[in-house]
Amino acid sequence: GAGVSQSPSNKVTEKGKDVELRCDPISGHTALYWYRQSLGQGLEFLIYFQGNSAPDKSGLPSDRFSAERTGGSVSTLTIQRTQQEDSAVYLCASSPKGGDIQYFGAGTRLSVL
Amino acid sequence: GESVGLHLPTLSVQEGDNSIINCAYSNSASDYFIWYKQESGKGPQFIIDIRSNMDKRQGQRVTVLLNKTVKHLSLQIAATQPGDSAVYFCAEKRRQLTFGSGTQLTVLP
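Residues numbered from 1 in each chain as written. Chains lettered and ligands numbered in written order. Predicted model: local features only at pLDDT ≥ 70, side-chain atom pairs only at ≥ 80, totals over all residues. Heavy atoms only, no water.

1. Section: the overall build of chain A
- Along the backbone of chain A there are zero helices and 10 strands.
- When the helices and strands of chain A are listed from N to C terminus, the series reads β-β-β-β-β-β-β-β-β-β.
- Scaling as 2.2 N^0.38, a compact globule of 113 residues should have a C-alpha radius of gyration of about 13 Å, and chain A matches this with 13 Å.
- The buried share of chain A, reckoned over its 113 residues, is 48%.
- Long-range pairs, those at least 24 residues apart, make up 54% of the contacts in chain A between residues at least 6 apart in sequence.
- Roughly 5,500 Å² of accessible area belongs to chain A as shown, and the carbon and sulfur atoms make up 45% of that amount.
- Charge-centre separation for chain A: the mean point of 11 positive side chains lies 2 Å from the mean point of 11 negative side chains. (Helix = DSSP H or I, 4+ residues; strand = E, 2+ residues; numbered from the N terminus. Rg over C-alpha atoms; globule rule 2.2 N^0.38 Å. Buried < 20%, exposed > 50% of the residue type's maximum accessible area, 1.4 Å probe, protein only. Contact = heavy atoms within 4.5 Å. Areas by Shrake-Rupley, 256 points an atom, 1.4 Å probe, with all protein chains shown as cover. Lys, Arg positive; Asp, Glu negative; His and termini not counted. Charge placed at Lys NZ, Arg CZ, Asp CG, Glu CD.)

2. A word on unusual backbone geometry
- In the segment running from Ser7(A) into Pro8(A), the intervening peptide bond is cis, with an omega of -10°.
- Along the chain, the position of Pro8(A) falls in the loop between strand E1 (5–7) and strand E2 (10–13).
- Look at Arg61(B): it is not a glycine, yet its phi comes out positive at around 65°.
- The topology assignment puts Arg61(B) in the loop between strand E6 (56–58) and strand E7 (62–67).
- Of note in this structure, Ala79(B) is not a glycine but carries a positive phi near 50°.
- Position of Ala79(B) among the secondary structure elements: in the loop between strand E8 (72–77) and strand E9 (86–93).

3. Some points on the layout of surface pockets
- The computed volume of the largest pocket comes to approximately 550 Å³.
- Those elements that place two or more of their residues in the lining of the largest pocket are strand E8 (88–95) and strand E10 (108–112) of chain A together with E9 and strand E11 (103–108) of chain B.
- Residues belonging to the lining of the largest pocket are distributed by class as follows: nine nonpolar, 17 polar and three charged.
- Taken as a whole, the second largest pocket spans an internal volume of roughly 150 Å³.
- Considering the residues around the second largest pocket, the lining is formed by Lys37(B), Gln45(B), Phe46(B), Ile47(B), Gln60(B), Arg61(B), Val62(B), Ile77(B), Asp84(B) and Tyr88(B).
- Tallying contributions element by element places strand E5 (residues 45–51) of chain B first for the lining of the second largest pocket, with three residues.
- When grouped by side-chain class, the residues that make up the lining of the second largest pocket number five nonpolar, two polar and three charged. (1 Å grid on protein atoms, 1.4 Å probe; cavity = no way out; pocket = protein on both sides within 12 Å on 5 of 7 lines; lining within 4 Å. Points joined across faces, edges and corners; volume = space filled by probe spheres on them. Nonpolar A, V, L, I, M, F, W, Y, C, P; charged D, E, K, R; others polar.)

4. Some thoughts on the state of the cysteines
Residue and element names in this part refer to chain B.
- Applying the stated criterion across every chain, the model contains two disulfides over all chains.
- At a sulfur-sulfur separation of 1.8 Å, the disulfide partner of Cys-23 is Cys-90. Between Cys-23 and Cys-90, the disulfide has an S-S torsion of 50° and is therefore right-handed. Within this pair, whereas Cys-23 is found in strand E3 (residues 19–25), its partner Cys-90 is found in strand E9, the two being separated by 67 residues in sequence. Each member of the pair, Cys-23 as well as Cys-90, carries the same accessibility label: buried. (Disulfide = S-S within 2.5 Å.)

5. Concerning the sheet that holds strand E3 (residues 19–24) of chain A
Residue and element names in this part refer to chain A.
- Ordered in space as E1-E3-E7-E6, the four strands form an open sheet in which the pairing is antiparallel. Two strands in the sheet have a free side with no partner beyond their single neighbour: E1 and strand E6 (65–69). Across the sheet, the mean angle from the axis of one strand to that of its neighbour is 15°, orientation sign disregarded.
- Alignment of E1 against E3, held across three bridges, turns out to be antiparallel. The residue of E3 that forms the bridge with Gln-6 is Cys-23. (Pairing = 2+ DSSP bridges. Axes fitted to C-alpha atoms, helices over the stretch in contact; angles between N-to-C directions.)

Right under this line is the structure:
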């Protein structure tokens, strides 16, 4: 597609349930990033994939959070046993190999009740 | 700890005036900075970037100034328009991009 696509755009779940958030990066972009943005806050780095290298997971807040990137393209961010403090907008970005500029999707707004 | 911060959380300007959004950073080793614009309900959008070997860079109606001596970054928007109303983030690159908390720019008619 023309830009980074994220789905769903909104997700409401109950505390304790697992959720999966999907990101389709820009075609040909080898780098993919996940961020979390709480209301009125900046972007909190979660995880970074670059090609076939081991991902940089240094930003994941707990072991309830995990992410995969299959075939070097689509990525899924999974949050297990969701908590109310997980409520936020989850943003995905991609960039071309060697590029610094990240191109963002519109995000998934997660609400944990 | 090291962080990227913004001086003001909100800024209101009259349409047609120039806007200046400021950002302080504390890591002198950062060598690359980006400004992003985020409109309501959308992801951040790249505006302009600057590397540490530069003091100034200009784009269309926007200018970024970098003062490495005081570790300060600013975004100037000329002739501010209603469509410029958004949250503006600065970000510095160390290992990964680190974003500030943002400044809400409101353009008054």
